[in-house]
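So you can see what is in the structure, the chains are spelled out below.
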Amino acid sequence: MFLAISGVLPEICRKKQFMDFPMFHLDWLNNRMLIAIIAIIHVMINHGLAVGFMPLITWLEQKGVKNSGRDQITNLDWDNRIYNMMKVAFIITTTLGAMTGVGIWFSVALVSPTSIGSLIRVFYWAWFIEWLVFVTEVILIMIYFLTWKSSNTSLRAKLLHIRFGWFLSLFSWITMAIIVSILSFMMDPGNWNTHKSLLNGFTNPIYLPQLLFRTPTAMLVAGSFGMLLVTLFFKKETELRLKAVKYVSKWIIFWAPISLLGAVIYYNSIPEAMIANMSTAVGTMDFNKYYDLMKYFILFGISSSLIMAIIGLYKSKWLKSYIVFFPVLMAFAYLGFFERVREFVRKPYVIGGYMYSNLLLEEDYPVYQQFGLLKNATYTTVTEITPENKIEAGRNVFAIACSRCHTTQGVNSVVDVFERMYGIGKPLDINSMASYIPNMHNGRTYMPPFPGTQEESEALAAYIRNIQDTGDVLEGAQSEGVKVSELQNTKAVLENKK
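Rules used throughout
Numbering of residues begins from 1 in every chain and follows the order in which that chain's sequence is written. Note on the predicted model: pLDDT of at least 70 is required for a residue's local features to be given, and 80 or more for side-chain atom pairs to be given and counted; whole-chain, interface and lining totals, by contrast, use all residues. Note that the side-chain values use all heavy atoms of the structure and ignore hydrogens as well as water. Secondary structure counts use DSSP, requiring at least four H or I residues in a row for a helix and at least two E residues in a row for a strand, with both numbered from the N terminus. Each residue gets one of three labels from its accessible area relative to the maximum for its type: buried under 20%, exposed over 50%, partly exposed in between, using a 1.4 Å probe on protein chains only. Contacts were defined at the residue level, with two residues in contact if any of their heavy atoms lie within 4.5 Å. UniProt positions are given in the numbering used here, feature names are shortened, and annotations may be inferred rather than shown by experiment. Angles run from 0 to 180 degrees between N-to-C directions of axes, and those axes are lines fitted to C-alpha atoms, restricted for helices to the stretch in contact. Angular relationships are summarised with four words: roughly parallel below 35 degrees, roughly antiparallel beyond 145, roughly perpendicular across 65 to 115, and oblique for the angles in between. For this scheme, ten residues count as nonpolar: Ala, Val, Leu, Ile, Met, Phe, Trp, Tyr, Cys and Pro. Four count as charged, namely Asp, Glu, Lys and Arg, and the remainder, Gly too, count as polar. Each nonpolar core is a collection of buried residues, namely Ala, Val, Leu, Ile, Met, Phe, Trp, Tyr and Cys, held together in the definition by side-chain atoms within 4.5 Å. By definition here, a salt bridge exists when the distance from a side-chain nitrogen of Lys or Arg to a carboxyl oxygen of Asp or Glu is within 4 Å. Given a helix with a known number of residues, its expected span is that number minus one, times 1.5 Å. Polar contact criterion, stated in full: a pair of N or O atoms within 3.5 Å, where within protein one must be able to donate a hydrogen and the other to accept it, and residues adjacent in sequence count only if both atoms are side-chain atoms. Centres within 6.5 Å are what make two rings of Phe, Tyr or Trp a pair, Trp counting through its six-membered ring; a difference in plane orientation under 30 degrees is then read as stacked, over 60 as edge-to-face, and the rest as tilted. What makes a crossing left-handed is the near helix being turned counterclockwise from the far one by less than a right angle; a clockwise turn instead makes it right-handed.

**Q** Quick question: what am I supposed to make of the overall build of the chain here?
**A** When helices and strands are tallied, the chain shows 23 helices and 2 strands. Counting all 498 residues of the chain, 56% fall into the buried class. In the chain, of all internal contacts separated by at least 6 residues, the share reaching a separation of at least 24 is 78%.

This is the structure in structure tokens:
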């Protein structure tokens, strides 16, 4: 920061700061909400129907061979019903699962390009290995599903098919194990900020606790979903159905307490600053007062599956599809709740201690606060604030510093935030907002510090008041295009380097 203190505009700003990328913005939904929705759906499919469901299906297929008669390769009736269960998982994972997986990359590249770029640089080789593993997983699931029927021609072929199932299960878990290191790194990079290496990033403090939670929880969700499919594909009151219910019940009973233990360990490993954000991370500011109920919701998510499994083990005939549906819903909601929290709890950072949720690097803040955010932005229509362009300047500041988490009129509207503070329906006071914005981080620690100057704070306040008065909507670059700052265009950069 010596260059900033000395009054020289440092080159580091132009290389690292957020506005090196044109804006994409969804003012009706909220940019981070777009990523969160896609990611949560993908995780529920990936964990529940891949990581957890594949070993369950393979285990059940193996039981068919073990319980077959001497003159049988497998119990064909049993095998056909397990195959139908696998078909459901195969269709969902290769359609909705695949689309949401691609959707994560697509949405993150649009909404958060700086953060994903940083993560790729840190985890390049880990991600490279993960893609190799993922491709192998795709090949294995195709082989496993498409050769199921033909594997029943001989015992050797059937045993080989089951082996493919176990390999598929292993590679599905390895894919998750690698990705979890990146997800946990975003929450707490550990000593990576001091020693920037892949090994330090991979072995972050939350990695093992989060993996310990996700693994048994994937198995639990898979067991609950598997129980629903058993009630749908096995005929009522038959010996096969009773046997299948008991097998899946044992699976759930085994994994449920481990999932609860993993949740406790994972929760206790989260940094205290993030724990303080938990009530907001669960929902929104409006949801804060209901936060305590979520503790019971977690317990209910596990206990409902456990109760279902105990009934299935001792009173197998009692389990019907309509009874099983609710525990299944709670199991997926339990997993989705934790994923929702992970997406939001790391505020004010998108990468803990390194990059704020507005995609500005923490180490660059002194430069922005001294020289101004607009002077360092590549894509802005204003570089010097005047009385005539104050609203436009505030609009640019909002786009750079606020629009990753806030909208003008949609979800988490910045106007709604200030109206809750100063009074619903009352005209917002520009001076009060301009005084509050530079200090807002002290009261709302889940928000990044304001990165601009006092003059930019006043412009932002004027813009927010203008939104309230006019109902203005912030359009993204996908609608409006972009304008390169006169200080950051090719000619200006070349002249500055001379």
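**Q** Teacher, can you tell me more about the UniProt feature "transmembrane region" (unreviewed entry) in the chain here?
**A** Taking the UniProt record as the reference, the feature "transmembrane region" (unreviewed entry) is found at residues 33–60, 88–110, 122–146, 166–187, 207–230, 251–270, 293–314 and 321–338. Helix makes up 95% of residues 251–270 and strand makes up 0%, while its end C-alpha atoms are separated by 29 Å.

**Q** What's the story with the packing of helix α4 (residues 53–66) against helix α5 (residues 76–111) in this structure? I'm lost.
**A** Each pair of packed helices can be summarised by the angle the axes make with each other and by the distance between the axes. Between α4 and α5, the least distance of the axes is 9 Å, while the angle of their chain directions is 170°. Between α4 and α5, the crossing angle belongs to the class labelled roughly antiparallel. Every residue of α5 that contacts α4 at Phe-53, Met-54, Ile-57, Leu-60, Glu-61, Lys-63 and Gly-64 is listed here: Trp-78, Asp-79, Ile-82, Met-85, Met-86 and Ala-89. Each residue belonging to the contact of α4 with α5 can be placed in one class, and the counts come to 9 nonpolar, 1 polar and 3 charged.

**Q** Would you explain the environment of Ala-39 in this entry?
**A** Tracing the chain through its elements places Ala-39 in helix α3 (residues 31–51). For Ala-39, a relative accessible area of 5% translates into the label buried.

**Q** In this structure, what is going on with the nonpolar core? I would like to understand it.
**A** What tends to happen in soluble globular proteins is that the nonpolar side chains get buried as a cluster. Core analysis: the largest hydrophobic core is formed by 65 residues, its most contacted members being Phe-53, Leu-60, Met-85 and Met-86. The element contributing the most residues to this core is helix α11 (residues 239–269), with 11 residues. Apart from the residues within four sequence positions on either side, Met-85 is in contact with Phe-53, Ile-57, Leu-60, Gly-226, Leu-229, Val-230, Phe-233 and Phe-234. Ile-400, Phe-418, Ala-434 and Ile-467 belong to the second-largest nonpolar core, a separate cluster that totals 35 residues.

**Q** How do you make sense of the pattern of salt bridges when you look at a structure like this?
**A** Where charged atoms from two side chains of opposite charge come close, those side chains can pair. By the definition in use, this model includes 9 salt bridges. For Asp-79, the salt bridge is made with Lys-158, and the minimal N-O distance between the two is 2.7 Å. Residue Asp-79 is located in helix α5, and its partner Lys-158 is located in helix α8 (residues 155–187); the two are separated by 79 residues in the primary sequence. The closest approach of N and O atoms between Lys-320 and Glu-237, which form a salt bridge, is 3.8 Å. Highlighted residues: Lys-320 in the loop between α14 (291–314) and α15 (321–345) and Glu-237 in the loop between α10 (207–233) and α11, separated in sequence by 83 residues. Members of the salt-bridge network, linked through shared partners, are Glu-61, Asp-79 and Lys-158.

**Q** Teacher, can you tell me more about α15 here?
**A** Think of an α-helix as 3.6 residues a turn; residues three or four steps apart then line up on the same face. The first and last C-alpha atoms of α15 sit 36 Å apart over 25 residues, in line with the 36 Å expected at 1.5 Å per residue. Among the 25 residues that make up α15, 18 are buried, leaving the element largely enclosed by the rest of the structure.

**Q** Would you take a moment to explain the side chain of Thr-380 for this structure?
**A** Following the sequence through the fold, Thr-380 ends up in the loop between α16 (365–371) and α17 (390–401). A polar atom in the side chain of Thr-380 sits 2.9 Å from the backbone oxygen of Val-382. A distance of 3.0 Å separates a polar atom in the side chain of Thr-380 from a polar atom in the side chain of Asn-396. Not counting the four nearest positions on each side in its chain, Thr-380 is found in contact with Leu-374, Asn-396, Lys-483, Val-484 and Ser-485.

**Q** Can you walk me through unusual backbone geometry in this structure?
**A** Outside of glycine, negative phi angles account for most residues, and trans bonds account for most peptide bonds. The amide bond that connects Lys-347 to the next residue, Pro-348, takes the cis arrangement and shows omega of 10°. Note on placement: Pro-348 falls in the loop between α15 and β1 (349–351). Backbone geometry places Glu-237, a non-glycine residue, at a positive phi of 65°. At Asn-412, a position not held by glycine, the phi torsion is positive, near 60°. For Asn-412, the location among the structural elements is in the loop between α17 and α18 (414–422). On the accessibility criterion, Asn-412 (32% relative accessible area) is partly exposed.

**Q** Even after reading the chapter, I still don't get the packing of aromatic side chains, so can you show me in this structure?
**A** In this description, a pair of aromatic rings is defined by centroid distance and the angle of the planes. Tallied over the entire structure, the rule returns 33 aromatic pairs. Residues Trp-125 and Phe-128 carry aromatic rings whose centres are separated by 5.7 Å and whose planes lie at 85° to one another, so their mutual orientation is edge-to-face. With Trp-125 and Phe-128 both in helix α7 (residues 124–146) and 3 residues apart, the pair spans about one turn of that helix. With a relative accessible area of 41%, Phe-128 lands in the partly exposed category.

**Q** I tried to follow the environment of Ser-112 on my own but got confused; where do I start?
**A** You can see Ser-112 is positioned in the loop between α5 and α6 (113–122). Taking the relative accessible area as the measure of exposure, Ser-112 reaches 7% and is therefore buried. Between the C-alpha atom of Ser-112 and that of Val-350, which follows or precedes it by 238 residues, the distance is 9.2 Å. In this structure Ser-112 touches Ile-35, Ser-107, Leu-359 and Arg-404, once residues within four positions along its chain are discounted. Among the polar contacts made by the side chain of Ser-112, one reaches the side chain of Ser-115 at a distance of 2.3 Å.

**Q** Got a minute to help me understand the packing of α10 against α11 in this structure?
**A** One way to put it is that α10 packs onto α11 with a least axis distance of 7 Å and a crossing angle of 155°. Classified by the angle between their axes, α10 and α11 sit roughly antiparallel to one another. Seen from above, α10 lies across α11 with left-handed handedness. Within the contact of α10 with α11, the residues separate by chemical class into 19 nonpolar, 10 polar and 1 charged.

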